[in-house]
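Listed here are the chains, written in short residue letters.
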Amino acid sequence: MNPDQLTIAYSPCPNDTFVFHAWAHGLIPGAPELKVTYADIDITNRLASGGDGLDVMKISYAALPWVLKEYALLPCGGALGRGCGPLVLTNGGSADPARLSGKKVAVPSDRSTAYLLFRLWAARHVPGGVGEIIVMPFHEIMPAVRDGRIDAGLVIHEARFTYQNYGLTMLADMGNWWEEDTGLPIPLGAIIARRSLDLKAISGWAKASVEYAWKHPDQSQSYIMQHAQEMDPTVAQAHINLYVNDFTANLGENGYAAVTSLLVRAAEEGLVPAIDPKDLLLP
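Residues numbered from 1 in each chain as written. Predicted model: local features only at pLDDT ≥ 70, side-chain atom pairs only at ≥ 80, totals over all residues. Heavy atoms only, no water.

Attention shifts here to the environment of Phe20. Considering the arrangement of structural elements, one finds Phe20 in helix α1 (residues 14-24). Along the sequence, Phe20 and Gly77 sit 57 residues apart, while their C-alpha atoms lie 8.0 Å from each other. For Phe20, the residues in contact, after removing those within four places along its chain, are Ile8, Tyr10, Gly77, Ile191 and Ser209. (Helix = DSSP H or I, 4+ residues; strand = E, 2+ residues; numbered from the N terminus. Contact = heavy atoms within 4.5 Å.)

Next up on the list: the packing of α1 against helix α8 (residues 199-215). At a minimum axis separation of 7 Å, α1 and α8 run at an interaxial angle of 110°. The angle between α1 and α8 places the two elements in the roughly perpendicular class. Between α1 and α8, the residues in contact are Phe18, Val19, Phe20, His21, Ala22 and Trp23 and Ile202, Trp205, Ala206, Ser209, Val210, Tyr212, Ala213 and Trp214, respectively. Its residues assigned to classes, the contact of α1 with α8 comprises 12 nonpolar, 2 polar and no charged. (Axes fitted to C-alpha atoms, helices over the stretch in contact; angles between N-to-C directions. Parallel < 35°, antiparallel > 145°, perpendicular 65-115°, else oblique. Nonpolar A, V, L, I, M, F, W, Y, C, P; charged D, E, K, R; others polar.)

Strand direction decides the pairing type here: strand β1 (residues 5-10) and strand β2 (residues 33-38), joined by 6 bridges, are parallel. Residue pairing in the sheet places Tyr10 in a bridge with Tyr38 of β2. This β-α-β element, β1 to α1 to β2, shows right-handed connectivity. (Pairing = 2+ DSSP bridges. Right-handed = clockwise from strand over helix to strand, strands pointing away.)

Moving on, we get to helix α10 (residues 233-243). One full turn of an α-helix is made of 3.6 residues, so residues set three or four places apart face in the same direction. Turning to α10, its buried residues number three or more, namely Val235, Ala236, His239, Ile240, Leu242 and Tyr243. Along the axis of α10, the buried residues cluster in a sector spanning 165°; they form a single face. Opposite the buried face of α10, at more than 90 degrees from it, the exposed residues are Pro233, Thr234 and Asn241. For α10, the secondary structure elements touched by its buried residues are α1, β5 (79-81), α6 (159-162), β11 (186-194), α9 (221-226) and α11 (246-249). Two to three positions downstream of the cap, the backbone nitrogen of Thr234 sits 2.8 Å from a side-chain oxygen, assigning the N-cap of α10 to Asp232. (Buried < 20%, exposed > 50% of the residue type's maximum accessible area, 1.4 Å probe, protein only. Arc of directions from axis to C-beta. Polar contact = N/O pair within 3.5 Å; in protein donor to acceptor, adjacent residues only side chain to side chain.)

Shown next, in the form of structure tokens:
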């Protein structure tokens, strides 16, 4: 490893570019240079679990059980919150979840928190379960639902602000269900680092980058919009407001409880390997 440089992968979404702008631009004293790879979370999930991961990565919390031996969860830099859950969308019709029984549903990843939440919700609300699950890049899901190529779609990111533009209807909000069922926030994206590295130092630099972003929000705007895939600036800011919060700076007791609850429940349903909750804490 180059002690003066760390490799990192995170998405081009506004919350990630907002959080890591300061570190990626050399604005955090003492922090090593970041060599950044921009990748959708489905790609980083598979990189981390396939042994080809970088030093630091943004992955889904749902992918943690496959990588905890090699990577540690950092308590800052990720996305976890309230009122920010994935949505199940359809092209009109009944609001009865039972209509999804045996139907074709698109998801952005089969190793995402969105997917786990959907499967846990469907186990309780869709008699007999859904039919075929199709993994599809998240930006392709809403057009596929609109065009009738799939029966329903699970969407994430800024889609919660724009799905009405496609004439779609929200069947269920996975975040609302999770929060009502558990009282806990929703674990979405995790920041992990190789266990062989100085984890406390990396965690400190990540937290400093978050705090810098909050103190100097205007400085990151051009970087955010450069990577925001022609997103409207108002939508980009709404995205940041929703996904960057106190949990981004520090998971805290409630954050760790939320992650533990999600992964324990998912393991009980056979969706992920079982974990020891102690492995979620920094050594």
